[in-house]
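# Architecture at a glance
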Amino acid sequence: QVYRNLGLNQSEIDKYFTGPAFLAWNRMGNLRRWAGPLPPAWHFKQLYLQYRIVERMRSLGMTTVLPAFAGHVPQGILRVFPRVNATRLGHWSHFDCTYSCIYLLDPEDHMFQVIGTLFLKELIKEFGTDHIYSADTFNEMTPLSSDPAYLSRVSNAVFRSMTGADPKAVWLMQGWLFQHQPDFWQPAQVRALLHGVPLGRMIVLDLFAESKPVYQWTESFYGQPFIWCMLHNFGGNHGLFGTVEAINHGPFAARRFPNSTMVGTGLVPEGIEQNDVVYELMNELGWRQEPLDLPAWVTRYAERRYGAPNAAAAGAWRLLLRSVYNCTGVCVNHNRSPLVRRPSLRMDTELWYNASDVYEAWRLLLSAGAELGSSPTFLYDLVDVTRQAAQQLVSDYYLSIRQAFQSHALPELLTAGGVLVYDLLPELDSLLSSHSLFLLGRWLESARAVATSDREAEQYELNARNQVTLWGPSGNILDYANKQLGGLVLDYYAVRWSLFVSVLVESLNSGRPFHQDQFNQAVFQVERGFVYNKKRYPAVPAGDTMEISRKLFLKYYP
């Protein structure tokens, strides 16, 4: 609305926004255009949804946070206002300027205040306000200058564009940039950015505090209030993971920090619907005075989760807690399992835990099935733990495949490759397909359901498919948002593995060396083929979860 009122035409606006699956990175100035443009109906539906969200939040006594103007603008601004001072930022991640290199309006340019204030006034007119606004001008993007005076002027200009519309404005800012580019954000630069805003009129999210807290090396954000946040998950990846000891102690240590300005705890995952136990734990800590006795807590958690005490289930959870959920040191959870990564001869199979603890937890959970099998949460966890065991087994078969190839042992290569491609991966796919929350069809149908026409439905489905696979036109951030879903395992991951094993077999047969570059080109066609295959996947589960898990167990339990 604001851009149209300023004189931009629709095609200039369309060239700016990404498709729905990538909008978060558009708002932070990382991406433009990719998987877009946004259909007009998208904006109307979002507007209506926003009314409902804001109304529900306020009815519950929650404080809404509205987005403010961070300075990123469509190129069309330069046509309408040829004299504005806008700079083209560099490319982001593995994207070139076709889809990145967004224009940043100089915060000291008069138009920055005009656009920022117009936008907020428009928002407040539409939704009312609780006086808290988010803006992230430099998320994973390097500022034009490291001069502290410049950085202070920038943050002051962003803040003024908020107070121009709402004198009571408070700026909520992600603190990710400070730990993501520590070479740029030295103490002087951090202090300058934070002190461009009056103390108390900014709240910083210490976004990855369980692994890389920023408050400790910035004297508690130099006096600005902050929220201790658990990030935990990247890309909505499946895979059991947690840093329970860091979570259990971190918030209390931050409260006791000298001159601490901590004002709360937060959860900021990139994706949800995985590892429920970690979110249950983090949510409970906000109400506690001191760290919990974790083994005792997780025993009660199993009982609450399944609605009945069960010794085997509690034992399984204590094993998971001490192993897969207790990553220590700097833990960054991108699922690196060979299962969900493009095959190569140099894959990472390292684990931060003892794999046998997960296998034993699997055995214990299965043994509790007779008593707890009617609990929906139990069946979900059984799928999840069986899936984790299968993920570990994939690594074992991968190591056998690699070893056989490197020692020119064709029979062993055929055996290990055959079991992986023709049995383990199809069995894993049928396990996932037996539970509604692990279905590719559910993911795709929920994207299509937002559409108001067939054409929109196809665009939204392509967004949903691309996000969990190629993440960009050419695998720019390949498998970043990998998921383990029934349909995806069989038609994407398994097809890649099948091609990899075939190419290795062919290499041994012909005596020609294996070339990763050639394989990458060939496998990209498979990956892209999946994104565009137009196959409809079931959105309702099929098969008996307990039976399939038991069958996998009898076949594969080490």
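For clarity, every value in this text was computed on a predicted model and none was experimentally measured.

Looking now at the pattern of salt bridges. Across all of its chains, the model carries 26 salt bridges by this definition. For Arg387, the salt bridge identified is with Asp384, shortest N-O distance 2.9 Å. Of the two residues, Arg387 and Asp384 are both situated in helix H17 (residues 376–406); the distance of 3 residues between them amounts to about one turn of the helix. By relative accessible area, which is 0% here, Arg387 ends up buried. Look at Asp384 and you get buried, because its relative accessible area is 6%. When the shortest N-O distance is used, the salt bridge between Arg512 and Glu506 registers 3.7 Å.

Turning our attention to the sheet that holds strand S9 (residues 262–267). Spatial strand order, S1-S5-S6-S7-S8-S9: 6 strands in an open sheet with parallel pairing. Of all strands in the sheet, those with a lone pairing partner are strand S1 (65–67) and S9, marking the two edges. Looking at each pair of strands side by side, their axes are set apart by 30° on average, direction ignored. Where strand S6 (residues 170–174) meets strand S7 (residues 202–206), 4 bridges bridge the pair, whose relative direction is parallel. In the sheet register, Met173 faces S7, and the bridge partner there is Val204. Those strands touched by helix H12 (residues 276–285) are strand S8 (226–230) and S9, and its axis lies near 160° from that of S9.

A few words now on the side chain of Ser507. One can find Ser507 in helix H21 (residues 488–510). A distance of 2.5 Å separates the side chain of Ser507 from the backbone oxygen of Arg512, its partner in a polar contact. If we ignore the near neighbours within four places in the chain, the residues touching Ser507 are Phe405, Arg512, Pro513 and Phe514.

Now for the packing of helix H15 (residues 355–367) against H17. The contact between H15 and H17 brings their axes to 10 Å, and the two run at 145°. The two elements H15 and H17 cross, and the hand of that crossing is left-handed. Contact residues: H15 offers Ala355, Val358, Tyr359, Ala361, Trp362, Leu365 and Leu366, while H17 offers Phe378, Asp381, Leu382, Val385, Thr386, Gln388, Ala389, Gln392, Leu393 and Asp396. In terms of residue class, the contact of H15 with H17 is made up of 12 nonpolar, 3 polar and 2 charged.

This part takes up the packing of aromatic side chains. Aromatic ring pairs are described here by two measures, namely the spacing of the ring centres and the angle between the planes. Throughout the structure, instances matching the rule amount to 41 aromatic pairs. Their ring planes at 90° and their centres at 5.0 Å tell us that Tyr215 and Phe257 sit as a pair that is edge-to-face. Linking Tyr215 in the loop between S7 and helix H10 (219–222) with Phe257 in the loop between helix H11 (244–256) and S9, this pair joins segments that are 42 residues apart in sequence. Look at Tyr215 and you get buried, because its relative accessible area is 3%. Relative to Trp352, the ring of Phe241 has its centre 5.4 Å away and its plane inclined at 75°; by these criteria the two rings are edge-to-face. Note that Phe241 is positioned in the loop between S8 and H11 and Trp352 in the loop between helix H14 (311–322) and H15, a separation of 111 residues in sequence. The class of Phe241 is buried, set by a relative accessible area of 3%.

Among the nonpolar cores identified, the biggest contains 185 residues, and Phe178 and Trp471 are the most heavily contacted of them. No other element matches the 13 residues that H17 contributes to this core. Two domains each provide a minimum of three residues to this core, namely domain 1 (1–198) and domain 2 (338–350 + 386–556). Those residues within four positions of Phe178 in sequence are excluded, and the remaining contacts are Met173, Trp185, Val190, Leu193, Leu194, Val214, Trp217 and Phe221.

This brings us to the UniProt feature "domain: Alpha-N-acetylglucosaminidase tim-barrel" (unreviewed entry) in the protein chain. The UniProt record marks residues 1–289 with the feature "domain: Alpha-N-acetylglucosaminidase tim-barrel" (unreviewed entry), using the residue numbering of this structure. What you have in residues 1–289 is 39% helix and 12% strand, and the ends, taken at the C-alpha atoms, are 47 Å apart.

The next point concerns the state of the cysteines. For the structure shown, the criterion picks out 2 disulfides. For Cys97, the disulfide goes to Cys101, at an S-S distance of 1.9 Å. In this structure the cystine formed by Cys97 and Cys101 twists about its S-S bond by roughly -70°; its chirality is therefore left-handed. A relative accessible area of 36% places Cys97 in the partly exposed class. Across the disulfide from Cys327 sits Cys331; the S-S distance is 2.1 Å. Between Cys327 and Cys331 the disulfide shows an S-S torsion of about -95°. By sign, it is left-handed. Note on accessibility: Cys327 and Cys331 belong to one class, buried. In the protein chain, the cysteines engaged in disulfides, taken in order along the sequence, are linked 1-2, 3-4.

Glancing now at the sheet that holds strand S3 (residues 86–88). Backbone-to-backbone hydrogen bonds pair the strands of a sheet. The strands run either parallel or antiparallel. If you trace the 3 strands from one edge of the open sheet to the other, you get S2-S4-S3, paired in antiparallel fashion. With partners counted over all chains shown, the strands left at the sheet margins are strand S2 (72–73) and S3, one partner each. Here 2 bridges tie S2 to strand S4 (residues 103–105), and the two strands are oriented antiparallel to one another. Bridge pairing in S4 links His72 to Leu104.

The calculated volume of the second largest pocket comes to roughly 380 Å³. Residue lining of the second largest pocket: 23 residues in total, with His334, Arg336, Glu350, Leu351 and Trp352 positioned closest to the centre. Each residue belonging to the lining of the second largest pocket can be placed in one class, and the counts come to 10 nonpolar, 10 polar and 3 charged.

With that out of the way, let us pick up the side chain of Asp109. For Asp109, the location among the structural elements is in the loop between S4 and helix H6 (110–127). Among the polar contacts made by the side chain of Asp109, one reaches the main-chain amide nitrogen of Met111 at a distance of 2.8 Å. When residues no more than four places from it in sequence are discounted, the contact partners of Asp109 are Arg83, Val84 and Asn85.

Further remarks concern the environment of Arg363. With respect to the secondary-structure elements, Arg363 resides in helix H15. In this structure the C-alpha to C-alpha distance between Arg363 and Arg465, which are 102 residues apart in sequence, comes to 34 Å. For Arg363, the contacting residues outside a window of four places in its chain are Phe553 and Tyr557.

Conventions and cut-offs
- Residues numbered from 1 in each chain as written.
- Predicted model: local features only at pLDDT ≥ 70, side-chain atom pairs only at ≥ 80, totals over all residues.
- Heavy atoms only, no water.
- Salt bridge = Lys/Arg side-chain N within 4 Å of Asp/Glu carboxyl O.
- Helix = DSSP H or I, 4+ residues; strand = E, 2+ residues; numbered from the N terminus.
- Buried < 20%, exposed > 50% of the residue type's maximum accessible area, 1.4 Å probe, protein only.
- Pairing = 2+ DSSP bridges.
- Axes fitted to C-alpha atoms, helices over the stretch in contact; angles between N-to-C directions.
- Contact = heavy atoms within 4.5 Å.
- Polar contact = N/O pair within 3.5 Å; in protein donor to acceptor, adjacent residues only side chain to side chain.
- Left-handed = near helix turned anticlockwise from the far one by under 90°.
- Nonpolar A, V, L, I, M, F, W, Y, C, P; charged D, E, K, R; others polar.
- Phe/Tyr/Trp six-rings, centres within 6.5 Å; stacked < 30°, edge-to-face > 60°.
- Core = buried A, V, L, I, M, F, W, Y, C linked by side-chain atoms within 4.5 Å.
- Domains from an automatic or database assignment.
- UniProt positions renumbered as here; feature names shortened; annotations may be inferred.
- Disulfide = S-S within 2.5 Å.
- 1 Å grid on protein atoms, 1.4 Å probe; cavity = no way out; pocket = protein on both sides within 12 Å on 5 of 7 lines; lining within 4 Å.
- Points joined across faces, edges and corners; volume = space filled by probe spheres on them.

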